[in-house]
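Take a look at the letters that make up each chain.
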Amino acid sequence: MTLERMNWILCSVGAIFLLVGIPFVWIALSTTQAVNQLEQLPALSATLLADSAVGQVGVIEGRISERNPLQFRTFVAYIRQVYEGEKCTRDDDREKCEAIWTEDERITPPLWLDLPDGRVHIINSDYTLKNARATWQSTTGLVAYETRSYRGFEINDPVFAVVQVVLEAEDRAFKAEFISGGDQTTYVTGERTLARIFFWLGLVISLVGTLLLGWQIRWLFVGRSVSQATVSRQPPDGFHFMHSILVRQP
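Scope of this entry: the structure provided in the associated data block. (Residues numbered from 1 in each chain as written. Predicted model: local features only at pLDDT ≥ 70, side-chain atom pairs only at ≥ 80, totals over all residues. Heavy atoms only, no water.)

Side chains that are nonpolar tend, in soluble globular proteins, to be buried together. Ile60, Ile122 and Phe174 are the most contacted members of the largest nonpolar core, which totals 23 residues. The set of elements that each furnish at least two residues to this core consists of strand S1 (57-64), strand S2 (75-91), strand S4 (111-115), strand S5 (118-122), strand S9 (158-168) and strand S10 (171-181). Among the elements that take part in this core, S9 stands out by supplying four residues, more than any other. Core analysis: the second largest hydrophobic core is formed by eight residues, Val59, Phe160, Tyr187 and Val188 among them. (Core = buried A, V, L, I, M, F, W, Y, C linked by side-chain atoms within 4.5 Å. Buried < 20%, exposed > 50% of the residue type's maximum accessible area, 1.4 Å probe, protein only. Helix = DSSP H or I, 4+ residues; strand = E, 2+ residues; numbered from the N terminus.)

Here's what the structure looks like:
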């Protein structure tokens, strides 16, 4: 492999590192911004709901009410994934395998939540489930296309949600953007931790990519010209031939 080809390969590696690292940093910054905005939202409650303006966005904390019907076993809302086998790759004579799970069902019906000051209704069914703690698997072992894993909420689970006040008939209710297991503090801490990991990982990858790319571009535009100038200053082959003849003469 020639030196020039090696430098082009290193240029490509540097560009790939940048393409991977920059999105990581962008995700981290976007997550941090979203968490900062969430922390500015007012806390809503069952008592305040009647006097809240339609369209008001806020946060609520409570528990899954016993009024909710069960959808499957003990779940009132859940995500189901099916096991599709393993994907294996070989690296340095070692085989690495990872399980492949694909979501095949999502049940998120309207929910009743018990807040500290009363019961409220989440009327929409397109909210996102986050940090659901209850799990169940259909088989003891993993069987391709037969094993199904369930993750969701059960009655009395503590939850936190970002909601908007809407009208339901003539009463006010909540429309949820997402419902997360636990409380607001737990959610914010987890999101900030994830953002820090993505930020520093992306920053390191981007820095390595910048160094590789910058060094190789410098070589391509500076090192190559220096090499060509050195070659151009060398005497032609004919000069060496005549010089050898003259030196041999007595």
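Mapped onto the elements, Ala15 comes out in helix H1 (residues 3-39). We classify Ala15 as partly exposed; its relative accessible area is 29%. Distance from Ala15 to Thr210, taken between C-alpha atoms, is 7.8 Å for residues 195 residues apart in sequence.

Right, let's get into the state of the cysteines. All chains considered together, the criterion is met by one disulfide. Between the sulfur of Cys88 and that of Cys97 lies a disulfide, 2.0 Å long from S to S. Judged by the sign of its S-S torsion, about 110°, the cystine formed by Cys88 and Cys97 is right-handed. Among the residues examined, Cys88 registers a relative accessible area of 37% and is labelled partly exposed. (Disulfide = S-S within 2.5 Å.)

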